[in-house]
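Chain by chain, the residues:
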Amino acid sequence: MTSSVCIIVLNWNNAPDTLECLHSLASLEYPDYHVLVVDNGSTDDSVSLIRAAFPAVEILETGANLGYAGGNNAGIRHALAAGADLVCILNNDVTVEPGFLTPLVETLAICPSASVVTPLVAERVHGGRVWALGSAVDRRTASVTRRHAGDAVDNWRHRSPFEVDIASGAAMLVRGLKSSRG
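Residues numbered from 1 in each chain as written. Predicted model: local features only at pLDDT ≥ 70, side-chain atom pairs only at ≥ 80, totals over all residues. Heavy atoms only, no water.

Draft legend 1. Structural context of helix α2 (residues 46-53). Within the span of α2, buried status applies to S46, V47 and I50. Considered in projection along α2, the buried side chains sweep an arc of 95° and stay on one side of the axis. Elements in contact with the buried residues of α2: β1 (5-11), α1 (15-25), β2 (33-39) and β3 (58-61). (Buried < 20%, exposed > 50% of the residue type's maximum accessible area, 1.4 Å probe, protein only. Helix = DSSP H or I, 4+ residues; strand = E, 2+ residues; numbered from the N terminus. Arc of directions from axis to C-beta. Contact = heavy atoms within 4.5 Å.)

Shown next as structure tokens:
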């Protein structure tokens, strides 16, 4: 059985990046997903531009800039109320490869104790370099470091999943309340 995934893309006054992200999502190979753009109180023409380019994409307008957490939380509540099994938080300045979602869903399926998974995030300008593979926390100093930043993407592309201290807020798949209860 395939899990239903709601992909939340948060927008605030940045239709160009959001449109590029949505174009990449249009090629997604995963069979059961829904895209939700959460417009975080944009004061420009973002909503009309997004609607014109992607009339089938659902847009949730918050009416105010709730920040990263507030906007994504509004989207998460909406997604779970609509019955999503899993929620994917995706920054609007991220573009994805067609197959990015399937391994994340599969990892959650085979790791029932995991609540969040994060993909390899490549640098936008230098796409052949890792921006982050999650983050590590130095418990002595409480400093956070992006894992493997700057490494060649090809060195990590087909590796098995591994545990990280912090999932990247740029792209993560989260087990919904419905699926964590069984």
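Draft legend 2. The sheet that holds β1, seen in detail. With mixed pairing, six strands are arranged side by side in an open sheet as β3-β2-β1-β4-β10-β5. Each edge of the sheet is formed by a strand with only one pairing partner; in this case those strands are β3 and β5 (116-117). Strand direction decides the pairing type here: β1 and β2, joined by seven bridges, are parallel. In the strand pairing of β2, L10 is matched with V38. (Pairing = 2+ DSSP bridges.)

Draft legend 3. Fine view of the pairing of β3. Pairing of β2 with β3 involves four bridges; the strand directions are parallel. Within β3, the residue paired with D39 across the bridge is E61.

Draft legend 4. Representation of the pattern of salt bridges within the structure. Evaluated as defined, the whole model comprises one salt bridge. Residue E61 pairs with R51 through a salt bridge whose shortest N-O separation is 3.3 Å. Linking E61 in strand β3 with R51 in helix α2, this pair joins segments that are ten residues apart in sequence. What makes E61 partly exposed here is its relative accessible area of 46%. (Salt bridge = Lys/Arg side-chain N within 4 Å of Asp/Glu carboxyl O.)

Draft legend 5. Region of the structure containing the nonpolar core. Of all hydrophobic cores here, the largest spans 33 residues; its most connected members are V5, I7, L25, L90, F100, L101 and L173. Only β1, α1, β2, α2, β4 (86-91), α4 (101-110) and β10 (171-175) provide two or more residues apiece to this core. Not counting residues within four places of it along the chain, the set of residues in contact with V5 comprises Y30, D32, Y33, H34, L86, C88, L101, V105 and L173. Formed by ten residues, the second largest nonpolar core is a distinct cluster that contains I8, L10, I89 and M172. (Core = buried A, V, L, I, M, F, W, Y, C linked by side-chain atoms within 4.5 Å.)

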